[in-house]
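Residue-level structural notes
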Amino acid sequence: MVHAHEHFIIYLKKRLATTVAALLTIFSIAAQTTDENNFPQKQLDIVRQTHNSLNDNQKRLKKHLDEIANKQMQAEFSKPRDNSATSADGTPRLRVSLLTCGPGSEIYEYYGHSAIRVMHTDSAEFDLVFNYGVFDFDSDNFALRFALGETDYLCQCQPTKHFLASYERSGRFVDEQVLNLSQEEARRLFAALLDNAKPENATYRYNFFYDNCATRVRDIIEKNLNAQIQYPQRPTERSFRDAVHFYCASDKWAIFGQDLLLGSQADLPASGRELQFVPLIMAQDFGIATIFEQNSLFPALTISSQRIVEAKPRTATPTFPLSPLGVATILLIIATIGGAIEYRKGKIFWMADTTLLLVQGLAGALVAFMFFFSTHPTVGSNWLVWILNPLPLIGIWWQIKGALKHNYISYHIIALPIEGLFVVFSPLMPQKFGTAIILLALLLLVRHTTNLLVWHKNRKALKPLFHTKRK
């Protein structure tokens, strides 16, 4: 029986013979004359073809050797760090896997989900999943606690078949990456997971970027390893906002809503580790990470990976037909045309301004509440609080009072310079604003300017009447 290395030796011998033959051909032709000008053209062509053939052979040989080296290195990296059939105390082996679930249709499902699977290799009955993504919509004051950033999540232990069945019903894929843990590490991790799942320990304070279902999984795995995990280096110019935009790309209104709340800290460069708040990114990093330990060739963190639940096509749910950019553009055009009509007639459509101030004030109340009171990450650095705050709700009273006296400038003369400065200096601010937000800020400017221009026009028209009465 011929082994793989013997095939390789035979292959090298053939390549060596080809190379020697090519060199002999060159030398035999060159020996016929020492003057290149006396070479027949046919012989020169043979020399050139032989030289090119030699280069091609060398390239093919190098490529083949690289492929063999890469396969051997990959096989070496993927070797289990513990090949024993049982643990040191004779108990069955544990296999630990990272489960990564695909995105769903709800906004909190766009980024995927992570969990840990632990099973006995010799018993299909012992197969558990530890899930850090459990929360209760029906808990007391859930909406308020969520706005304040005080949402509590749970670590729940459940049979793997139940966990997988729920994702199969929702049509979301589940990928499994078997982790390269020693039995000592696997058992220590399993004990830590069981302790986390106890009722008195299961609850933790959720943080979207820094402490979620993915980071909890990563942290408990790292904590129970005897070595350090080396993750791949990622570009440092990507930010939290970039990640949010990427995974919400199919839902423009979700991007718009999150841009209203996320502050300038979301635009700072995020490290590769910080971006692992996204389960799908963490799964990619686990797939190419290595384990740094002494006297080792940096074995891979994952031994194998496979998709254990396939995704199903989802029927598209009807959404609002216009994007935020489309709505903002239409509103700005209407405001500009309406402003021209108001100026020509010298009359303000005060109900339109009242509605606009109500919407701006309510949105501002939410942004200001998150800015001052919420512990959600980055919302406390939101520069939009400059123009989105509860003050327009006070402006409604001024607007209605002005409608009775045909004097609308009380609020607008204050708001115009504030919102004008925001539009002018927004490119210099350390926060990225979507185009739709800038267009809506321009819409506010158009309304403030229209009110002041109409007031000024009417005031000029009243001056001659005033002087006539005095005479």
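This section reports on the structure supplied with the text. (Residues numbered from 1 in each chain as written. Predicted model: local features only at pLDDT ≥ 70, side-chain atom pairs only at ≥ 80, totals over all residues. Heavy atoms only, no water.)

1. Looking at helix H4 (residues 160-169)
The complete set of buried residues in H4 reads Thr160, Phe163, Leu164 and Tyr167. Down the axis of H4, the sector holding all buried residues measures 90°, keeping them to one side. Exposed positions of H4 whose direction lies more than 90 degrees from the buried face are Lys161 and Arg169. In this structure, the buried residues of H4 make contact with strand E1 (94-101), strand E2 (113-120), strand E3 (123-134), strand E4 (152-159), strand E5 (174-179) and strand E9 (302-309). Of the residues one or two after H4, Gly171 is the one with positive phi, at around 80°. (Buried < 20%, exposed > 50% of the residue type's maximum accessible area, 1.4 Å probe, protein only. Helix = DSSP H or I, 4+ residues; strand = E, 2+ residues; numbered from the N terminus. Arc of directions from axis to C-beta. Contact = heavy atoms within 4.5 Å.)

2. Let's talk about the packing of aromatic side chains
Summed over the entire model, instances satisfying the criterion amount to 26 aromatic pairs. When the centroid spacing of 4.1 Å and the interplanar angle of 15° are considered together, the rings of Tyr153 and Tyr206 count as stacked. A residue pair is termed long-range when its members are at least 10 positions apart, and Tyr153 in strand E4 and Tyr206 in the loop between strand E6 (203-205) and helix H6 (213-223) qualify at 53 residues. Each member of the pair Tyr153 and Tyr206 is classed as buried. Plain terms: the ring middles of Phe371 and Phe372 are 4.9 Å apart, the flat faces sit at 75° to each other, and that makes the pair edge-to-face. It is Arg307 that lies over the ring of Phe173; its NZ or CZ is 3.9 Å from the centre. (Phe/Tyr/Trp six-rings, centres within 6.5 Å; stacked < 30°, edge-to-face > 60°. Lys NZ or Arg CZ within 6 Å of the ring centre and 35° of its normal.)

3. Describing the sheet that holds E4
In space, the 7 strands of this open sheet follow the order E6-E4-E3-E2-E1-E5-E9, with antiparallel pairing throughout. Every interior strand has two partners, whereas the edge strands, E6 and E9, have only one. In this sheet, adjacent strand axes meet at a mean angle of 25° when their direction is disregarded. Pairing analysis gives 5 bridges linking E1 to E5, with the strands arranged antiparallel. (Pairing = 2+ DSSP bridges. Axes fitted to C-alpha atoms, helices over the stretch in contact; angles between N-to-C directions.)

4. Structural notes on the pattern of salt bridges
A complete count under the given rule lists 18 salt bridges for this structure. Measuring nitrogen to oxygen at the nearest pair gives 2.9 Å for the salt bridge that ties Asp259 to Arg241. Within this pair, whereas Asp259 is found in helix H8 (residues 252-261), its partner Arg241 is found in helix H7 (residues 240-247), the two being separated by 18 residues in sequence. For the pair Asp259 and Arg241, one class covers both residues: buried. In this structure, Asp242 engages Lys432 in a salt bridge whose closest nitrogen and oxygen atoms are separated by 3.8 Å. With Asp242 in helix H7 and Lys432 in the loop between helix H13 (409-425) and helix H14 (435-470), this pair connects stretches of sequence that are 190 residues apart. Taking the relative accessible area as the measure of exposure, Asp242 reaches 27% and is therefore partly exposed. (Salt bridge = Lys/Arg side-chain N within 4 Å of Asp/Glu carboxyl O.)

5. Examining the packing of H6 against helix H9 (residues 279-288)
For the pair H6 and H9, the least separation of the axes is 9 Å and the interaxial angle reads 30°. When the axes of H6 and H9 are compared, the pair comes out roughly parallel. Judged by the twist between their axes, the crossing of H6 over H9 is left-handed. For the pair formed by H6 and H9, the contact residues are Cys213, Ala214, Val217, Arg218 and Ile221 on the first element and Pro279, Met282 and Phe286 on the second. Residue classes in the contact of H6 with H9 are distributed as 7 nonpolar, no polar and 1 charged. (Parallel < 35°, antiparallel > 145°, perpendicular 65-115°, else oblique. Left-handed = near helix turned anticlockwise from the far one by under 90°. Nonpolar A, V, L, I, M, F, W, Y, C, P; charged D, E, K, R; others polar.)

6. Remarks on helix H10 (residues 324-345)
Spanning 22 residues, H10 covers 31 Å between terminal C-alpha atoms, matching the ideal 32 Å at 1.5 Å per step. If you check which residues of H10 are buried, you get Pro324, Ala328, Leu332, Ala335, Gly338, Gly339 and Glu342. For H10, the angular spread of the buried residues around the axis is 145°, confining them to a single face. Every exposed residue of H10 that faces more than 90 degrees away from the buried side is listed here: Ile334, Ile337, Arg344 and Lys345. Residue Gly346 follows H10 closely and has a positive phi angle near 70°. (Expected span 1.5 Å × (residues − 1).)

7. Structural notes on a nonpolar patch on the surface
A contiguous nonpolar patch, built from Trp253, Phe320, Leu322, Ile330, Leu331 and Ile334 and spanning about 540 Å² of accessible area, is present on the exposed surface. Here Trp253 is to be found in helix H8. When its relative accessible area of 35% is taken as the criterion, Trp253 is described as partly exposed. (Patch = residues over 30% accessible without salt bridge, like charges linked within 9 Å, V, L, I, M, F, W, Y side chains within 5 Å. Areas by Shrake-Rupley, 256 points an atom, 1.4 Å probe, with all protein chains shown as cover.)

8. Let's talk about the side chain of Asn207
Structurally, the position occupied by Asn207 is in the loop between E6 and H6. We classify Asn207 as buried; its relative accessible area is 18%. A polar contact of 3.1 Å, which involves the side chain of Asn207, links it to the backbone nitrogen of Tyr210. (Polar contact = N/O pair within 3.5 Å; in protein donor to acceptor, adjacent residues only side chain to side chain.)

9. So, the pairing of E5
Counted residue by residue, E5 has 5 buried out of 6 residues, so it is predominantly covered. Sheet analysis places E5 next to E9, joined by 6 bridges and oriented antiparallel. When the sheet's bridge partners are listed, Leu179 is paired in E9 with Thr302.

10. Looking at unusual backbone geometry
With a phi angle near 75°, Thr378 is a residue other than glycine that sits in the positive phi range. Looking at where Thr378 falls in the secondary structure, it is placed in the loop between helix H11 (350-373) and helix H12 (391-405).

11. Remarks on the layout of surface pockets
Empty space among the atoms becomes visible once a probe the size of a water molecule is rolled across them. By volume, the largest pocket is sized at about 1,200 Å³. Taken together, 44 residues line the largest pocket, and the ones lying closest to its centre are Ile107, Tyr108, Phe146, Tyr153 and Tyr206. Elements represented by at least two residues in the lining of the largest pocket include exactly E3, helix H3 (142-148), E4, H4, H8 and H11. By residue number, the principal contributor to the lining of the largest pocket is H8, which donates 4 residues. Across the lining of the largest pocket, the residue classes break down as 26 nonpolar, 15 polar and 3 charged. Lining the second largest pocket we find 19 residues, and of these Tyr110, Ser250, Asp251, Thr317 and Thr319 sit closest to its centre. Looking at the lining of the second largest pocket, its residues break down into 9 nonpolar, 7 polar and 3 charged. (1 Å grid on protein atoms, 1.4 Å probe; cavity = no way out; pocket = protein on both sides within 12 Å on 5 of 7 lines; lining within 4 Å. Points joined across faces, edges and corners; volume = space filled by probe spheres on them.)

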